[in-house]
Amino acid sequence: MALTAGLLVITAMVAALVLSCTSGEPRASRERPPGPPGPPVGRRVDRAVLAGFLSGGGAVATRAIRGATQADGNDRESILEATAELLAEVMHRNALTVDDVISVLFTATPDLTAEFPALAARTSGLHDVPLLCAVEIDVPGAPPRVVRLLVHADTGRPRAQIQHVYLRGAPEPREDPAGARRAEGPGA
């Protein structure tokens, strides 16, 4: 019993030391050279991961969550509406908050040119999250007007519990007879 209590005290002391050393400020012995600011010097320990570990709640992992939707047309309102709906559903089904989201990659089929899908994320509250838009490859016979996203987020959910979201007739990945994932449509 004394050994367990001792280990708990040592663990708490190490956690306090790690937290005090990861404030994002460089230590005096590791000063930055003059120039533009950059990332913190030294190894960064994620406080949420450490707190989850110490509380027995488990570690938070970074997961990638996919989704796709079809816009009604190539106009600003259709693209923003479909994208906002998709993003909201991904966030809801995976119990994510804005603070959980690391970055989002959006793609659109070549026939969607009226607006950037990322604008829907900005107007939905992802103000300081890195976003990127790209064009899908133009595969003959692929469904038209499709917006896809790949959300990178911190979550305590295991990979098997991540819910990928496909709305408005957007193609979902399907199992191929050999058992490997196969895409149906561009980038699915």
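Residues numbered from 1 in each chain as written. Predicted model: local features only at pLDDT ≥ 70, side-chain atom pairs only at ≥ 80, totals over all residues. Heavy atoms only, no water.

1. Some details on the sheet that holds strand E1 (residues 61-70)
Short version of the rule: Any two strands with at least two DSSP-identified bridges between them are counted as paired. Only DSSP runs of H or I covering at least 4 residues are called helices, and only runs of E covering at least 2 are called strands; the numbering of each starts at the N terminus.
If you walk across this open sheet you meet the five strands as E3-E2-E4-E1-E5, and the pairing is mixed. In this open sheet, the two strands that pair with only one neighbour each are strand E3 (131-135) and strand E5 (165-166). Of the pairings in the sheet, the one linking E1 to E5 comprises two bridges and is parallel in character. Within E5, the position partnered with glycine 67 by the bridge is valine 165.

2. Remarks on the pattern of salt bridges
As a reminder of what qualifies: Only one rule defines a salt bridge in this text: a Lys or Arg side-chain nitrogen within 4 Å of an Asp or Glu carboxyl oxygen. Exposure classes here rest on a 1.4 Å probe applied to the protein chains alone. A residue is buried below 20% of its type maximum, exposed above 50%, and partly exposed in between.
Counted according to the given criterion, the structure contains six salt bridges. The shortest N-O distance in the salt bridge between arginine 168 and aspartate 72 comes to 3.9 Å. One end of the pair, arginine 168, is in the loop between E5 and strand E6 (174-175); the other, aspartate 72, is in the loop between E1 and helix H3 (76-93), with 96 residues separating them in the sequence. Relative accessible area serves as the criterion here: at 28%, arginine 168 is assigned to the partly exposed category. The closest approach of N and O atoms between arginine 148 and glutamate 136, which form a salt bridge, is 3.7 Å. Taken together, the residues span a long stretch of sequence, with arginine 148 in strand E4 (residues 146-155) and glutamate 136 in the loop between E3 and E4 at a distance of twelve residues. Arginine 148 gets classed as buried once you look at its relative accessible area, which sits at 4%. Take glutamate 136: its relative accessible area is 11%, and that puts it in the buried class. Each of Asp72, Glu81, Glu85 and Arg168 takes part in a single network of salt bridges with overlapping partners.

3. Re the nonpolar core
Using the following cut-off: Note on terminology: a nonpolar core comprises buried Ala, Val, Leu, Ile, Met, Phe, Trp, Tyr and Cys residues joined through side-chain atoms within 4.5 Å. Contact between two residues is taken to exist if any of their heavy atoms lie within 4.5 Å; hydrogens are not considered.
Residues Val104, Phe106, Leu149 and Val151 are the most contacted members of the largest nonpolar core, which totals 26 residues. Mapped onto this core, the elements with two or more residues apiece are H3, strand E2 (101-108), helix H4 (118-123) and E4. The element that contributes the greatest number of residues to this core is H3, accounting for six residues. Filtering out sequence-adjacent residues up to four positions away, leucine 149 remains in contact with Ile65, Arg66, Gly67, Leu86, Leu87, Val90, Val104, Leu105 and Phe106.

4. Re the side chain of threonine 69
Position of threonine 69 relative to the elements: it lies in strand E1. Not counting chain neighbours up to four residues away, the residues in contact with threonine 69 comprise Ala82, Thr83, Leu86, Arg145, Val146, Val147, Leu167, Arg168 and Ala170.

5. Things to note about the environment of aspartate 154
Test applied: Two N or O atoms count as a polar contact when they lie within 3.5 Å, although within protein this holds only if one can serve as hydrogen donor and the other as acceptor, and sequence-adjacent residues are included solely when both atoms are side-chain atoms.
On the secondary structure map, aspartate 154 appears in strand E4. Residue classification places aspartate 154 among the partly exposed positions, given a relative accessible area of 23%. Aspartate 154 sits 92 residues away from threonine 62 along the chain, and the two C-alpha atoms are 4.4 Å apart. Only 2.9 Å separates the side chain of aspartate 154 from the side chain of threonine 62, close enough to count as a polar contact.

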